[in-house]
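# Architecture at a glance
Spelled out, the chains give:
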Amino acid sequence: MQDRKIKHVFGPVPSRRLGYSLGIDVVPFKVCSFDCIYCQLGNTTNKTILIKEYFPIDEIISDVKSKLQESIRIDYLTLSGSGERKRQI
Ligand code: SF4
């Protein structure tokens, strides 16, 4: 049984391409390597290319497991959410 609130997964959200997609948020709000003018989340507040563990991986996995135990349809797990980490080459 989980004592804390689930905070790293959202949805599942309906997607024409993926069906029902469960979002997994692995970075804090608006930590992103871009600041796209069309971003639905607003301006990037932490623009960075730093790759690191922003949240403990065990916490994220625990949230995903909790959500998967619910009797809801999930077709895909999508790593996305409050920002994006793109590797600059
Ligand atoms: S979250 Fe996505 S859309 Fe928003 S600024 Fe980052 S890359 Fe662009």
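How each quantity is defined
- Residues numbered from 1 in each chain as written.
- Predicted model: local features only at pLDDT ≥ 70, side-chain atom pairs only at ≥ 80, totals over all residues.
- Heavy atoms only, no water.
- Pairing = 2+ DSSP bridges.
- Helix = DSSP H or I, 4+ residues; strand = E, 2+ residues; numbered from the N terminus.
- Axes fitted to C-alpha atoms, helices over the stretch in contact; angles between N-to-C directions.
- Buried < 20%, exposed > 50% of the residue type's maximum accessible area, 1.4 Å probe, protein only.
- Contact = heavy atoms within 4.5 Å.
- Salt bridge = Lys/Arg side-chain N within 4 Å of Asp/Glu carboxyl O.

Looking now at the pairing of strand E1 (residues 9-15). One ladder, built from 5 bridges, connects E1 with strand E2 (residues 19-24); its direction is antiparallel. When the bridges of E2 are listed, Pro 14 appears paired with Tyr 20. Connecting the antiparallel pair E1 and E2 is a turn made up of 3 residues.

Read across the sheet, 3 strands follow the order E1-E2-E5 without closing on themselves; strand pairing throughout is mixed. Either end of the sheet is taken by a strand with one partner, and the two such strands are E1 and strand E5 (76-79). The sheet shows a mean angle of 30° between the axes of neighbouring strands, taken without regard to direction. Bridge count for E2 against E5 is 4 bridges, and the pairing is parallel. Paired with Leu 22 across the strands is Leu 77, a residue of E5.

All right, on to unusual backbone geometry then. A cis geometry characterises the amide bond from Gly 11 onward to Pro 12, with omega recorded as 10°. Structurally, Pro 12 can be placed in strand E1. Unusually for a residue other than glycine, Lys 30 sits at a positive phi of about 55°. With respect to the secondary-structure elements, Lys 30 resides in the loop between E2 and strand E3 (31-32). Owing to a relative accessible area of 2%, Lys 30 belongs among the buried residues under this scheme.

Checked against the element boundaries, Gly 19 lands in strand E2. Considering only alpha carbons, one finds Gly 19 and Tyr 54, 35 residues apart in sequence, at a separation of 28 Å. Excluding residues that lie within four positions of it along the chain, Gly 19 makes contacts with Val 13, Pro 14 and Asp 75.

Before going further, it helps to examine the pattern of salt bridges. The final tally for this structure, using the stated rule, is 3 salt bridges. Between Lys 7 and Glu 59 there is a salt bridge; the shortest N-O distance is 3.6 Å. One end of the pair, Lys 7, is in the segment before E1; the other, Glu 59, is in helix H1 (residues 57-68), and 52 residues separate them in sequence. On the accessibility criterion, Lys 7 (53% relative accessible area) is exposed. Between Glu 70 and Lys 67 there is a salt bridge whose closest N-O contact spans 3.6 Å. Among the residues examined, Glu 70 registers a relative accessible area of 36% and is labelled partly exposed.

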